[in-house]
Amino acid sequence: MPHFEVASFLAAAIGLLGLVSICLLVFARLGVGSIVAFVVAGLVIEEIRDLPAETALALREFAELGVVLLLFLIGLETTPPQLRGLGRDALKFGVPQIAISAAAIGLYGWWFLSVRETAIVLGLGFALSSTVVVMQILVDRNELQSPLGQKAFAILLAQDLAIVPMLLAVALMANKAAIGSGSAPLWWTILRAIIAIALIILIGRFVLTRILAIALRRQNESAFVSVTFLAVLSAALAAERAGLSMALGTFLLGAVLSMSPLGHRVAETIEPVKSTLLALFFFSVGLSIDLDIAVQNWATLLLTTAVVIILKFAIVAGLVQLGGGTRPEALRLGFALAQCGEFGFVLFAAAQVEGLMSAKTTTLASVLITLSMLATPFLVRLGDYLTGPPQKPTAPTC
C-alpha cells in the first residue's frame, strides 16, 4: 500500500488554493464572477500537470452533485404558485425553444458536417443550456425570483426534462432501443417516472418533515444533517433510476419542503456542501479542456461556437418577445441562455457509445460546450450593457 505523504499533499493543496485564490481575485476585479475563475484554474492545472482524462471525468461526475444540491435549494425557495407559473412558462417558452434550437442547429450541422445522425444528435445536445451556470449567475445576482429569473428557470426545467426523450432518441437512431419489439417498455418507463415522482412528493411531505421535526425538537443536529442528506441523495437516486435527471428529483423534494417551516434550517445545512461541489464542477470543466485538439481545429470550433450561440440567442430572445416580454428582458434572457449545457456531455457520451459520434467529434463538441459556458458571464454583462443594469424591485405603494 503506497505511503500517504502529508507534506506533499499540503504542498499540492496550498499551490492549488493559491492559484484558485489568484484567479478569483483577478476575475472578481473584472466583474465576471467565480465561474470563469474556477474554469481557468482547472485549465492551468491541466496544462501544468497533464492529468489523465479519466481523472477529470471522475471529478466532474462527482462534482455534478453540486448541480443536484443547487436545484434542491432552488426548490426550497419555490412556492406552489411559483411552481405553477414555472409550468406555464416551461410550455410557453421552454418546449418551443428546445424544438426550434434543435432543428436550427441540426440543419447547420447537416450542412456543415454532412452526417445525418451526427447533425441530429448535435442539434439535440446543443439545444440544451447550462442549468448550473445560469442558476449560479442568477443566484449571485439575486435575480432568481425576478420575472426574468423565473422565465430562465422555466426554460431550464423544460430542458432538464427533455434529456430523457433525447437519450431515448439516441438509442432509437442506433437501432438498439429496448422498445423495438413493442410499446410496453416505453409505457413502463413513463409509469416508472410517475411512481418515482409520486414517492418523492409523498415521502417528502408526510415522512421526511416529521423525522426532521423530531430531530430538531430533540436538538439532535447530527441526526438532522444525516437525514437531510439521506433524503436529498435518495431523491436524486430515485429520479435517476426512473430515467429522469437527478436534479429534477431533488428540485421536487425541495419544492415539497418549501411548504415546511424547516426549509430554512435545511438550506443552511446544504449550502456549504453545494458551494464546494459547484466549485469542483467548474474546476473539472477546465481540467477536461484538451487544448491540443482545440488548437488543431480552432477555426471550425470558433465558427461553430459562434453560430450556436447566435442561433440560441436569437431563438430565445424571439420567443420571449413574441410571448409578451419586453425587449430588454428578451435580450438579457437570450444572452443568459445562449450557451450549451452539462447535459450535452451526457448525451454526446451516450451517442459515442452507440456509434453515432466519433471520439474526435465528441471531444470537439465537449470543448464547444465548455467554451460556451466560459463565455456566459461575458454575454450576461453584454446584455446588461445593451439594456442597462437590471432594476431592483421596489415596494408597492399604497
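A short tour of the structure in this document, coming up. Keep in mind that this is a model prediction, so the values were computed, not measured. The residue numbers shown here count from 1 along each chain, following its written sequence. The model is predicted, so local features are restricted to residues of pLDDT at least 70 and side-chain atom pairs to those at 80 or more, both for listing and for counting; the totals for chains, interfaces and linings are taken over all residues. Working from all heavy atoms in the structure, the side-chain values ignore hydrogens and water.

**A look at the overall build of the chain**
Worth spelling out the cut-off: Counting from the N terminus, the helices are DSSP H or I runs at least four residues long and the strands are E runs at least two residues long. A radius of gyration in this sense is built from C-alpha atoms; the matching globule rule multiplies 2.2 Å by the number of residues raised to 0.38. Contacts: residue pairs with any heavy atoms within 4.5 Å of one another. Each accessible area is a Shrake-Rupley estimate made with a 1.4 Å probe; only the visible protein chains count as cover when residues are assessed.
Check the secondary structure of the chain and you find 17 helices and zero strands. For 398 residues, the compact-globule estimate of 2.2 N^0.38 gives 21 Å, and the C-alpha radius of gyration of the chain, at 21 Å, lies within 12% of that figure. For the chain, contacts bridging at least 24 residues in sequence account for 80% of all contacts bridging at least 6. Roughly 19,800 Å² of accessible area belongs to the chain as shown, and the carbon and sulfur atoms make up 68% of that amount.

**Here's the deal with the pattern of salt bridges**
Where side chains of opposite charge bring their charged atoms close, a pairing between them can arise. Here is the rule we go by: For salt bridges, the criterion is a side-chain nitrogen of Lys or Arg within 4 Å of an Asp or Glu carboxyl oxygen. Three labels apply to residues, based on accessible area from a 1.4 Å probe with only protein chains included: buried if under 20% of the type maximum, exposed if over 50%, partly exposed otherwise in between.
Under the defined criterion, the tally for this structure stands at eight salt bridges. For the salt bridge of Arg332 with Glu143, the shortest nitrogen-to-oxygen distance reads 2.6 Å. With Arg332 in helix H15 (residues 327–336) and Glu143 in the loop between helix H7 (131–140) and helix H8 (147–173), this pair connects stretches of sequence that are 189 residues apart. Residue Glu143 is classed as buried on the basis of its relative accessible area, which comes to 7%. Glu329 is the salt-bridge partner of Lys151, the closest N and O atoms lying 3.5 Å from each other. Residue Lys151 is found in helix H8, and its partner Glu329 is found in helix H15; the two are separated by 178 residues along the sequence. A single burial state applies to Lys151 and to Glu329, both of which are buried. Residues joined by salt bridges that share partners form a network here, namely Arg141, Glu143, Arg332 and Asp384.

**Observations concerning the packing of helix H10 (residues 221–241) against helix H11 (residues 246–257)**
Using the following cut-off: The axes used here are C-alpha line fits, helices contributing only the stretch in contact, and every angle between their N-to-C directions lies in the interval 0 to 180 degrees. Between 65 and 115 degrees an angle is taken as roughly perpendicular, under 35 as roughly parallel, over 145 as roughly antiparallel, and anywhere else as oblique. By convention, the crossing between two helices is left-handed when the near helix turns anticlockwise from the far helix through less than a right angle, and right-handed when the turn is clockwise.
Following both chains from N to C, one finds H10 and H11 inclined at 130°, their axes separated by 7 Å at the closest point. As the angle between them shows, H10 and H11 are arranged oblique. H11 is crossed by H10, and the crossing has right-handed handedness. Only Met246, Gly249, Thr250 and Leu253 of H11 make contact with H10, whose side of the interface consists of Ala231, Val232, Ala235, Ala236, Ala239 and Glu240.

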